[in-house]
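Observations on the model geometry
So the chains spell out like this:
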Amino acid sequence: MASEILANMKEEVTCPICLGLLREPMSLDCGHTFCQACITANSKEPMVSKEGESSCPVCRINYQPGSLRPNWHVANIVEILQKVKLSPEEEQKTDLCVHHGEKLLLFCKEDGKFICWLCERSQEHRGHPTCLMEEVAQEYQEKLQAALNGLRAEHKEAEKLEADIKEERTSWKNLIQNESQIVQDCFKKMRGFLDTEERKELQKLKREEEHVLCVLEQSENELVKQRQLLKDLIPDLELRLQESTRKMLQDVNGIIERTAICAPLLGSRDRGSS
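Keep in mind it's a predicted model, so treat the numbers as computed, not measured. (Residues numbered from 1 in each chain as written. Predicted model: local features only at pLDDT ≥ 70, side-chain atom pairs only at ≥ 80, totals over all residues. Heavy atoms only, no water.)

**Some points on the overall build of the chain**
Counted only if it meets this: Each helix is a run of DSSP H or I of at least 4 residues and each strand a run of E of at least 2, with the numbering of both proceeding from the N terminus. Partly exposed residues are those whose accessible area sits between 20% and 50% of the maximum for their type, while under 20% is buried and over 50% is exposed, using a 1.4 Å probe and protein chains only. By the convention used here, residues are in contact when the closest approach between their heavy atoms is within 4.5 Å.
Of the regular secondary structure elements, the chain holds eight helices and eight strands. Expressed as a percentage of the 274 residues in the chain, the buried residues total 18%. When contacts within the chain are restricted to residue pairs at least 6 apart in sequence, those whose partners lie at least 24 apart make up 38%.

See below:
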């Protein structure tokens with residue numbers, strides 16, 4: 001009973017042109033409904049009665065191509081029928097054309113679909129290259145196998161490239177780490193060498209400072225002694241110059257020798273300073 005109801009409903013929503021379930025159904029003013037693709041193709045080859053008009057393929061009533069309107073009610077019925085689950089007996093007929101009930105023996109290469117001999121003559125598949133399923137199976141099996149082999153080769157190449165990149169990244173990482181360690185060691189040695197040289201130079205300056213200070217201290221002590229001699233000699237000479245001739249000449253050679261001793265000391269100091 002259910003099968004009969006479904007059959008009747010399918011008959012009501014079957015396109016009069018392609019004899020299949022209506023796809024994007026469009027209705028004319030006369031009430032007949034067709035697939036959009038089918039009625040559009042019919043409008044391109046009109047049976048002319050007036051300029052620009054076509055005739056309905058069923059009742060031959062003229063219509064303007066612009067008067068076509070979508071039939072959403074029929075479209076909803078078709079959608080529901082396509083979702084109806086078949087009975088166990090009907091499921092055994094899945095190799096039959098849903099539009100014509102004929103056995104699906106052909107394959108449309110252009111649309112990639114299984115079709116029956118009526119589909120081949122319909123507007124949808126007319127002029128399309130078709131062949132028996134058994135004949136096309138080997139061809140597409142080879143194409144699919146070739147595609148699979150190509151994908152496997154690409155996958156293998158991708159894995160190899162990924163492994164190469166990982167290896168190269170690891171190699172670069174190790175190289176940079178080694179170079180960084182070498183740079184650190186080099187600068188560490190340079191710092192050690194510079195620290196040693198710094199200590200040597202500071203020690204050299206320290207010794208030079210001690211030597212110079214010692215020399216200056218000796219010179220200072222000599223000058224102190226010389227200054228004291230001069231300090232003692234100057235009053236004697238001033239006093240002698242104020243005395244009478246007799247007293248001035250008394251032991252005059254000793255006084256001159258004492259002044260002669262001071263002059264070389266002063267000269268040696270000047271030479272040492274220069």
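**Some details on the pattern of salt bridges**
Here is the rule we go by: One side-chain nitrogen of Lys or Arg within 4 Å of one carboxyl oxygen of Asp or Glu is enough to make a salt bridge.
One pass over the structure, following the stated rule, counts six salt bridges. The shortest N-O distance in the salt bridge between K160 and D164 comes to 3.1 Å. Of this pair, K160 and D164 both sit in helix α6 (residues 133–242), separated by four residues, roughly a single helical turn. Here K160 falls in the partly exposed class, since its relative accessible area comes to 49%. Between K166 and E162 there is a salt bridge whose closest N-O contact spans 3.6 Å. Highlighted residues: K166 and E162, both in helix α6, separated by four residues, approximately one helical turn.

**Focus on the sheet that holds strand β5 (residues 69–70)**
The line we're drawing: Two strands form a pair only when DSSP identifies at least two bridges running between them.
Across the sheet, which stays open at both edges, the three strands sit in the order β2-β1-β5 with antiparallel pairing between neighbours. A single partner strand is all that each edge strand has here, and the edge strands are β2 (33–35) and β5. In this sheet, β2 lies alongside strand β1 (residues 25–27) in antiparallel orientation, the contact comprising three bridges. In the sheet register, P25 faces β2, and the bridge partner there is C35.

**Things to note about unusual backbone geometry**
We note that E24 has phi near 50°; this positive angle belongs to a residue other than glycine. Locating E24 in the fold gives a position in the loop between α1 (2–12) and β1. On the accessibility criterion, E24 (57% relative accessible area) is exposed. Of note, R60 is a non-glycine position whose phi angle comes to about 65°, a positive value. Inspection of the secondary structure puts R60 in the loop between β3 (54–55) and β4 (62–63).

**Overview of the nonpolar core**
Keep this limit in mind: The criterion is simple. A nonpolar core is a set of buried Ala, Val, Leu, Ile, Met, Phe, Trp, Tyr and Cys residues joined through side-chain atoms within 4.5 Å.
Grouped together as the largest cluster of nonpolar side chains are 17 residues, with contacts concentrated most on V13, C15, L22, L28 and I39. Contributing elements (two or more residues each) for this core: β2, α2 (36–44) and α3 (72–83). For this core, the element with the most residues is α3, which contributes three residues. With residues up to four places along the chain from it excluded, the contact list for V13 reads G20, L21, L22, V74, I77, V78 and L81. Grouped together as the second largest cluster of nonpolar side chains are seven residues, C97, L106, C108 and I115 included.

**Quick notes on α3**
Heads up, the condition is: Take the residue count of a helix, subtract one, and multiply by 1.5 Å to get its expected span. Picture the helix axis, draw a direction to every C-beta atom, and the arc is the one those directions span.
The end-to-end C-alpha distance of α3, which contains 12 residues, comes to 17 Å, matching closely the 16 Å that a straight helix rising 1.5 Å per residue would cover. Every buried residue of α3 is listed here: V74, V78 and L81. The arc that holds the buried residues of α3, viewed along the axis, is 65°, so those residues lie on one side. Across α3 from its buried face, at more than 90 degrees, point the exposed residues W72, H73, I80 and K83.

**Section: the packing of aromatic side chains**
Here is the rule we go by: Note on aromatic contacts: the rings of Phe and Tyr and the six-membered ring of Trp form a pair at centre separations within 6.5 Å, being stacked when their planes are under 30 degrees apart, edge-to-face when over 60 apart, and tilted otherwise.
Tallying each qualifying case throughout the model produces one aromatic pair. Relative to F114, the ring of F107 lies with its centre 5.6 Å away and its plane at 65°, an arrangement referred to as edge-to-face. By relative accessible area, F107 is classed as buried at 11%.

**As for the sheet that holds strand β8 (residues 130–132)**
What counts here: Only the stretch in contact is used when fitting a helix axis, every axis being a line fitted to C-alpha atoms; angles between N-to-C directions are given from 0 to 180 degrees.
The three strands are arranged β7-β6-β8 in an open sheet whose pairing can be described as antiparallel. Two strands lie at the open edges of the sheet, namely β7 (113–115) and β8, each paired on one side alone. Ignoring strand direction, the axes of neighbouring strands in this sheet form an average angle of 35°. Judged from the three bridges that link them, strand β6 (residues 106–108) and β7 form a sheet pairing that is antiparallel. Within β7, the position partnered with F107 by the bridge is F114.

**Here's the deal with the state of the cysteines**
As a reminder of what qualifies: A pair of cysteine sulfur atoms is labelled a disulfide when the two atoms are within 2.5 Å.
Counting across every chain of the model gives zero disulfides. Here C119 stays unpaired: no disulfide links it, and the sulfur of C97, its closest cysteine neighbor, is 3.5 Å away.

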